[in-house]
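Geometric and topological summary
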Amino acid sequence: PGPEARVSGPARDAPCRETGRTRALVQHRRGVKLLIKVGDGASPEVFSTYCSINSERGISFKANTNDFNIPDCDDPDLMAWLVREKVSLSGDITGNGTLNTPDTEAFFDWVTSADTRNVRVYLDGVAGAAGGGYWSGAYHCTQFDVTGNVGEKVQCAIQLTSDGAITWTDNA
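Since this is a predicted model, take the numbers as computed values, not measurements. (Residues numbered from 1 in each chain as written. Predicted model: local features only at pLDDT ≥ 70, side-chain atom pairs only at ≥ 80, totals over all residues. Heavy atoms only, no water.)

Focus on the state of the cysteines
Two cysteines, two sulfur atoms, one covalent bond between them: this is a disulfide. In plain terms, the rule: Throughout, a disulfide means two cysteine sulfur atoms within 2.5 Å of one another. Buried, partly exposed and exposed residues are distinguished by accessible area as a fraction of the type maximum, computed with a 1.4 Å probe on protein chains only: under 20%, between the cut-offs, and over 50%, respectively.
Per the stated rule, a full pass over the model turns up zero disulfides. Between Cys51, a free cysteine, and Cys156, which holds the nearest cysteine sulfur, the sulfur-to-sulfur gap is 9.6 Å. Judged by relative accessible area, which is 49%, Cys51 ranks as partly exposed.

So, the packing of aromatic side chains
Note the cut-off: Between the rings of Phe, Tyr and Trp (Trp by its six-membered ring), a pair exists once the centres lie within 6.5 Å; its type follows the angle of the planes, with under 30 degrees stacked, over 60 edge-to-face, and the other angles tilted. Note on conventions: DSSP H or I runs of at least 4 residues are helices, E runs of at least 2 residues are strands, and numbering of each starts at the N terminus. For a ring to carry a charge above it, either NZ of a lysine or CZ of an arginine must fall within 6 Å of the ring centroid while also lying within 35 degrees of the normal to the ring plane.
Evaluated as defined, the whole model comprises five aromatic pairs. Seen from their ring centres, Trp135 and Trp168 are 4.7 Å apart, and the 65° between their planes marks the pair as edge-to-face. One end of the pair, Trp135, is in strand β6 (residues 133-147); the other, Trp168, is in strand β8 (residues 167-170), with 33 residues separating them in the sequence. By relative accessible area, Trp135 is classed as partly exposed at 21%. For Trp168, a relative accessible area of 35% gives the class partly exposed. What links up through ring pairs into an aromatic cluster is the set Tyr50, Phe107 and Phe144. It is Lys37 that lies over the ring of Tyr122; its NZ or CZ is 4.9 Å from the centre. Here the basic side chain of Arg120 rests over the ring of Phe47, its NZ or CZ set 4.0 Å away from the ring centre.

Written out as structure tokens, the structure reads:
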């Protein structure tokens, strides 16, 4: 493991100048270690990255809710408190970067297809006991952007939206 995986050492064990307490530094990873891997649909399925996702990448989760006003039975003139119940979950994956032209057809085919593809988002290089692993699920490609400006390289961005459950698996 590289220096990011180190959890002890002089910086961690050195006392804070202000408080004298031992510091507990954040166990972190470089952004390039968040990997988006897409399955090929074969059996066994092989997951690989697209070179075009070389700048920003991310995964987000959302809980949708239903909202209800709960009135006061003793005094209906009082303002009601809003109560929410979670009713569904979803996830989105985003990725962008300098377009690797061989990826263009694959992204276009995916965004124009009704089919989902299996995707995994890895926290790469971190043991499961330290929070490493991956999220996995079926995803639709819902957006594929290609942009270019004078004097710059062509850029692309993708948006993936979950279709069903997303699970977490610890790294070995």
